[in-house]
There are 2 protein chains.
Amino acid sequence: MSLRHAILGLLERQPSTGYELARRFDLSLATAWHASHSQIYPELSKLEAAGLVEVVARGARQSKTYALTESGRDELRRWLVEETPDRSQRNEGALRLFLGQLLDPGDRQAVFERDLDYIEEQTEQLRALQSVLEPGEPFAAQVDLGLRINAVLAAWLAEQVEQPGPDGEHDGRGPAR
Amino acid sequence: MSLRHAILGLLERQPSTGYELARRFDLSLATAWHASHSQIYPELSKLEAAGLVEVVARGARQSKTYALTESGRDELRRWLVEETPDRSQRNEGALRLFLGQLLDPGDRQAVFERDLDYIEEQTEQLRALQSVLEPGEPFAAQVDLGLRINAVLAAWLAEQVEQPGPDGEHDGRGPAR
DNA sequence: GATTGACATGTTGATCTCGACACGTCAATC
DNA sequence: GATTGACGTGTCGAGATCAACATGTCAATC
């Protein structure tokens, strides 16, 4: 149940409303986890019932700002340190990088160029983020990691586009058009 | 619905039984997608009903070997080339790399060392796989990409372990023990 | 001849996740 | 004064996913 701990992690950095959490999932945490508000609000209720978070402020528009309780901080640390990570993955982008090799060179080139555009866009956003972070800032290292991985991906994709490589296992029966 | 296309992609490379698909998900496709047999069997039935796969052989123990139909190949290509990729992520490992920064230096070091061990293990498996693949083989490039990303991760983790860095936003209230 | 372990297929109930529906507020612009 | 758009919270139904349950086969070893 990583959603729970993703929320705890976001609240540990900064108390927030459910609405703000939904935005933060797609900003700072976009490359690690995603959740929509229809999942966030019920989970906040459960977390409050479990005593891991509490409402620390009520603002305009019935807004409730949540923050971690002591026991929420304990649980977050326990999960990070003691629980064995679930390494199983479900990543559509990675799946497409794998299966792209099944396409004929023309299709593959088009698909990988689209991916390359996406990576370059992401890289610019990360660079913009990096420029407003001080080097010592808590999450500067994570931004740096994102940039390094994007650089590897961009280089690999560029190679794939330039050297179309083998035609896979085709012999004319494959998904080649 | 990526599970469907992951199965189509695996079958495009090699006709298989449901049981074999379950193993292949955790071998060649482990870093991209995971599915257990309780999800694979019903999906194969749906794919057969939709005419995207067909039973091409029946063996011992009621085994059924599935292969792509012409329309299955069309669908796989259509998905790869025409459908907009879903870039949203849910990756517990990445989440932990982010949230690790909230821990105190001692905990963080322990957690990142555990991750480093895991990456090194994965790297060895990839290297073993690489050594049995010919350079021109269809998926040699993907193995190479995996190795490059692992190298970046390993370097980053080693830096984090050596230079504990900032203590996050702690001031003694965080999940630090 | 019995046991063990890999092979093989299926179902069921619980939980996770998403898109769509639904309601309401506040500030700024027209 | 009306409209618009961001803010804000919630529910519901459908589909995705997993762990557990359930059943049976075949080959090799003891």
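Residues numbered from 1 in each chain as written. Chains lettered and ligands numbered in written order. Predicted model: local features only at pLDDT ≥ 70, side-chain atom pairs only at ≥ 80, totals over all residues. Heavy atoms only, no water.

## Focus: the protein's contact with DNA strand D
Which entries qualify depends on this criterion: When at least one non-hydrogen atom of a residue lies within 4 Å of a molecule or strand, that residue is treated as near it. Any N or O atom pair separated by 3.5 Å or less is treated as a polar contact, with the protein-specific requirement of one donor-capable and one acceptor-capable atom, and with residues adjacent in sequence counted only for side-chain atom pairs.
Taken together, 23 residues lie around DNA strand D, and Y19(A), H37(A), Y41(A), R90(A) and Q39(B) are the ones closest in. Protein-adjacent atoms of DNA strand D, using a 4 Å cutoff, are sugar or phosphate at a proportion of 65%. Here H37(A) contributes a side-chain N or O atom positioned 2.7 Å from a base oxygen of DNA strand D. Here K64(A) contributes a side-chain N or O atom positioned 2.9 Å from a phosphate oxygen of DNA strand D.

## Comments concerning the side chain of E43(B)
Residues and elements named next belong to chain B. Rules: Only runs of H or I of at least four residues qualify as helices and only runs of E of at least two qualify as strands under DSSP, and these elements are numbered from the N terminus. Only protein chains enter the accessibility calculation, which uses a 1.4 Å probe; a residue is then buried when its area is under 20% of its type maximum, exposed when over 50%, and partly exposed in between. Note on definitions: a residue-residue contact is assigned when non-hydrogen atoms from the two residues lie within 4.5 Å.
Looking at the element boundaries, E43 is found in helix α3 (residues 37-49). Take E43: its relative accessible area is 5%, and that puts it in the buried class. Aside from chain neighbours lying at most four places away, what touches E43 is M1, L3, R4 and I7.

## A few points about the nonpolar core
Applicable threshold: Grouping buried Ala, Val, Leu, Ile, Met, Phe, Trp, Tyr and Cys residues that are joined through side-chain atoms within 4.5 Å yields what is termed a nonpolar core.
Ranked by internal contacts, the top residues of the largest apolar core, which has 87 residues, are F25(A), L29(A), F25(B) and L29(B). Setting aside its immediate chain neighbours within four residues, L29(B) contacts L95(A), F98(A), A6(B), L10(B) and R24(B).

## Digging into the protein's contact with DNA strand C
Basically, it comes down to this: The residue classification treats Ala, Val, Leu, Ile, Met, Phe, Trp, Tyr, Cys and Pro as nonpolar and Asp, Glu, Lys and Arg as charged. All others, Gly included, are polar.
As a matter of local geometry, DNA strand C sits amid 24 residues, with Q39(A), Y19(B), H37(B), Y41(B) and R90(B) nearest to it. For DNA strand C, the backbone portion of the atoms within 4 Å of the protein, that is sugar and phosphate, comes to 65%. In this structure, H37(B) approaches DNA strand C through a side-chain N or O atom, which is 2.7 Å from a base oxygen. R61(B) places a side-chain nitrogen or oxygen 3.3 Å from a sugar or linking oxygen of DNA strand C. For the surface near DNA strand C, the secondary structure elements donating two or more residues are α3 (37-49) of chain A together with α2 (18-26) and α3 of chain B. Considering only residue class, the surface near DNA strand C consists of seven nonpolar, 11 polar and six charged.

## A short note on the pattern of salt bridges
Cut-off, in case you're wondering: Here, a salt bridge means any Lys or Arg side-chain nitrogen found within 4 Å of an Asp or Glu carboxyl oxygen.
Taken as a whole, this structure holds 22 salt bridges over all chains when the rule is applied. For K46(B), the salt bridge identified is with E43(B), shortest N-O distance 3.9 Å. With a gap of three residues between them, K46(B) and E43(B) both fall in helix α3, about one helical turn apart. Salt bridges linked by common partners bring R4(A), E43(A) and K46(A) together as one network.

## Details of the domain arrangement of chain A
Interfaces are often described in size by the accessible area the parts lose on coming together. Filter applied, for reference: Residue ranges assigned to the domains are those given by an automatic or database domain assignment.
Along its sequence, chain A is carved into domain 1 (2-82) and domain 2 (92-162). Using C-alpha coordinates to define each centre, domain 1 of chain A is positioned 29 Å away from domain 2 of chain A.

## Details of the packing of aromatic side chains
Describing an aromatic ring pair means giving the distance of the ring centres and the angle of the ring planes. Basically, it comes down to this: Centre distance within 6.5 Å is the pairing criterion for rings of Phe, Tyr and Trp, where only the six-membered ring of Trp is used; planes under 30 degrees apart are then read as stacked, over 60 as edge-to-face, and the remainder as tilted. Geometrically, a charge over a ring is one whose NZ (Lys) or CZ (Arg) sits within 6 Å of the ring centre while staying within 35 degrees of the ring normal.
Using the criterion set out here, one finds four aromatic pairs over all chains in the structure. Just above the ring of Y118(B) sits the side chain of R87(A); from NZ or CZ to the centre is 4.0 Å. Between R96(A) and the ring centre of W79(B), over which it is positioned, the NZ or CZ distance is 3.9 Å.

## Here's the deal with the interface of chain B and chain A
Applicable threshold: By definition, the buried area sums, over both parts, the 1.4 Å-probe accessible area that each loses when the two are put together.
With 67 residues of chain B at the interface, the matching set in chain A holds 67 residues. Summing both sides of the interface, chain B and chain A together bury roughly 7100 Å²; the carbon and sulfur share of this comes to 61%. Sorting the residues of chain B by area buried against chain A places L80(B), R87(B) and F98(B) first, and these three jointly supply 10% of that buried surface. Linking chain B with chain A are six salt bridges. Among the salt bridges present, the one from R87(B) reaches D115(A), with a minimum N-O distance of 3.1 Å.

## Some words on the relation of the copies chain B and chain A
Under the convention used in this document: The copies were overlaid by least squares, fitting only the C-alpha atoms of residues that reach a pLDDT of 70 or more in each copy.
Superposition of chain B onto chain A requires a rotation of 180° combined with a translation of 0.0 Å along the rotation axis, giving an RMSD of 0.0 Å. Considering both components of the superposition, the chain copies are consistent with a two-fold axis. Taking C-alpha positions as reference, the residue of chain B nearest the rotation axis is I149(B), located at 3.2 Å. A share of 100% of interface residues in chain B that are also interface residues in chain A marks the association as one of identical surfaces.

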